[in-house]
Amino acid sequence: MNLGFNIEKDLVFNLNKKKYYELTPFLKDTLKIMFPFINDEDIIYSRLLERSQKPDIYIKCRDQIKYISIKSGRTNSIHFEKINELTAFLSSRNISNETIETLLLFHYGDGTLNGTGETRLLFEDLFPLLSKRIQKANIELNQKDIVEELIERFIFHGIESKILSVDYILHGNQNYGILCSKEKIKKFILNKNYNHVR
């Protein structure tokens, strides 16, 4: 069993059916952000969610539920999906065939759009060959509405529209960490300019 799943299980164990005053100082601070009305006698409920969903656990206080994605360790990956699912999504959002082809050429790195080439180039060899195409694709993909949809898809919601959405991301465990709301993450990303990424 991996470390991340153990942290999720420990969090649920340390939260579920506990009164607020019984929690660790970090969990108290965290829950006060999520539930500003919380008091010492409030009972917290928590459980693990299905692995196919973006949120890992839910936390309930009184009649409010918050969905949390738990991150741990040093990994920098938050989303995985098949390239054909991503390109179909982009196509449905009127992203040009040229930009989609650029993504595929970069993804496969073998000069093909489907990975059937004989030699896959390393990043440092591939990037200069595609740099003009990447610059053009970057302009199209940096449209605010596209960026907003991709944030939602990659970080908060996933690829299925009927699945639960993340309210907060917690990097840490029951004793320490950083909590960030969906709104703050979106604001941070949308206030950045990514046109320099070429």
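Model, not experiment: these values are computed from the prediction.

1. A look at the nonpolar core
Ranked by size, the top nonpolar core spans 21 residues in total, and within it L31, I44, I59 and I68 carry the most contacts. Within the residue set of this core, elements represented by two or more residues are helix 1 (3-15), helix 2 (25-34), strand 3 (57-61), strand 4 (64-71) and strand 5 (168-172). Every residue in contact with I68, bar those within four places of it in the chain, is listed here: M34, P55, D56, I57, I59, Y168 and L170. Counting residues in each nonpolar core, the second largest holds 11 residues, with F89, I95, L104 and L141 among its members.

2. Section: the environment of L105
Of note, L105 is situated in helix 4 (residues 97-108). When the C-alpha positions of L105 and R133 are compared, they lie 9.9 Å apart, and in sequence the two are 28 residues distant. Setting aside its immediate chain neighbours within four residues, L105 contacts D110, G111, T112, L113, L126, L130 and R133.

3. Section: unusual backbone geometry
If you check the backbone angles, R62 has positive phi at about 55° while not being a glycine. Within the secondary structure, R62 sits in the loop between strand 3 and strand 4. We classify R62 as partly exposed; its relative accessible area is 43%. Despite not being glycine, N94 has its phi angle at roughly 65°, a positive value. One can find N94 in the loop between helix 3 (83-92) and helix 4. Assessed through its relative accessible area of 69%, N94 is described here as exposed.

4. Quick word on helix 1
Counted at 1.5 Å a residue, the expected span for helix 1 with its 13 residues is 18 Å, and the 18 Å between its end C-alpha atoms agrees. All buried positions along helix 1 are accounted for by G4, I7, E8, L11, V12 and L15. Each buried residue of helix 1 sits inside an arc of 135° when the element is viewed along its axis, so together they form one side. Of the exposed residues in helix 1, those oriented more than 90 degrees away from the buried face are L3 and F13. Positive phi appears at K17, one or two residues downstream of helix 1, with a value of about 65°.

5. A closer look at the packing of helix 4 against helix 5 (residues 123-141)
Two quantities define a packed helix pair, namely the angle between the axes and the distance from one axis to the other. Here helix 4 crosses helix 5 at 155°, and the two axes come no closer than 9 Å. In terms of axis orientation, helix 4 runs roughly antiparallel to helix 5. Between helix 4 and helix 5 lies a crossing of left-handed hand. Contact residues: E98, T99, E101, T102, L103, L105 and F106 in helix 4; F123, L126, F127, L130, R133, I134, K136, A137, E140 and L141 in helix 5. Residues that form the contact of helix 4 with helix 5 fall into these classes: 10 nonpolar, 2 polar and 5 charged.

6. A closer look at the layout of surface pockets
When its volume is computed, the largest pocket comes out at roughly 1,100 Å³. In this structure, the largest pocket is lined by 32 residues; those nearest its centre are L86, L103, L141, L150 and F154. Contributing elements (two or more residues each) for the lining of the largest pocket: helix 3, helix 4, helix 5 and helix 6 (144-157). Among the elements that take part in the lining of the largest pocket, helix 5 stands out by supplying 7 residues, more than any other. Split into classes, the residues belonging to the lining of the largest pocket amount to 22 nonpolar, 6 polar and 4 charged. In this structure, the second largest pocket encloses a volume near 700 Å³. If you go around the second largest pocket, you meet 27 residues; those closest to its centre are R51, Q53, D56, K71 and I78.

7. Remarks on the pattern of salt bridges
Pairing between side chains of opposite charge can happen when the charged atoms of each approach one another. For the structure on display, the rule yields 8 salt bridges. The partner of E41 in a salt bridge is K19, and the shortest N-O contact between them spans 2.9 Å. Residue E41 is located in the loop between helix 2 and strand 2 (43-48), and its partner K19 is located in strand 1 (residues 18-19); the two are separated by 22 residues in the primary sequence. Since its relative accessible area comes to 27%, K19 is described here as partly exposed. Where D42 meets R62, a salt bridge forms, and the shortest distance between an N and an O atom there is 3.1 Å. With D42 in the loop between helix 2 and strand 2 and R62 in the loop between strand 3 and strand 4, the pair connects residues that are 20 residues apart, well separated along the chain. Within the structure, one salt-bridge network assembled from shared partners comprises E152, K182 and K186.

Rules of the game
- Residues numbered from 1 in each chain as written.
- Predicted model: local features only at pLDDT ≥ 70, side-chain atom pairs only at ≥ 80, totals over all residues.
- Heavy atoms only, no water.
- Core = buried A, V, L, I, M, F, W, Y, C linked by side-chain atoms within 4.5 Å.
- Buried < 20%, exposed > 50% of the residue type's maximum accessible area, 1.4 Å probe, protein only.
- Helix = DSSP H or I, 4+ residues; strand = E, 2+ residues; numbered from the N terminus.
- Contact = heavy atoms within 4.5 Å.
- Expected span 1.5 Å × (residues − 1).
- Arc of directions from axis to C-beta.
- Axes fitted to C-alpha atoms, helices over the stretch in contact; angles between N-to-C directions.
- Parallel < 35°, antiparallel > 145°, perpendicular 65-115°, else oblique.
- Left-handed = near helix turned anticlockwise from the far one by under 90°.
- Nonpolar A, V, L, I, M, F, W, Y, C, P; charged D, E, K, R; others polar.
- 1 Å grid on protein atoms, 1.4 Å probe; cavity = no way out; pocket = protein on both sides within 12 Å on 5 of 7 lines; lining within 4 Å.
- Points joined across faces, edges and corners; volume = space filled by probe spheres on them.
- Salt bridge = Lys/Arg side-chain N within 4 Å of Asp/Glu carboxyl O.

The values are spatial; any link to function lies outside them.
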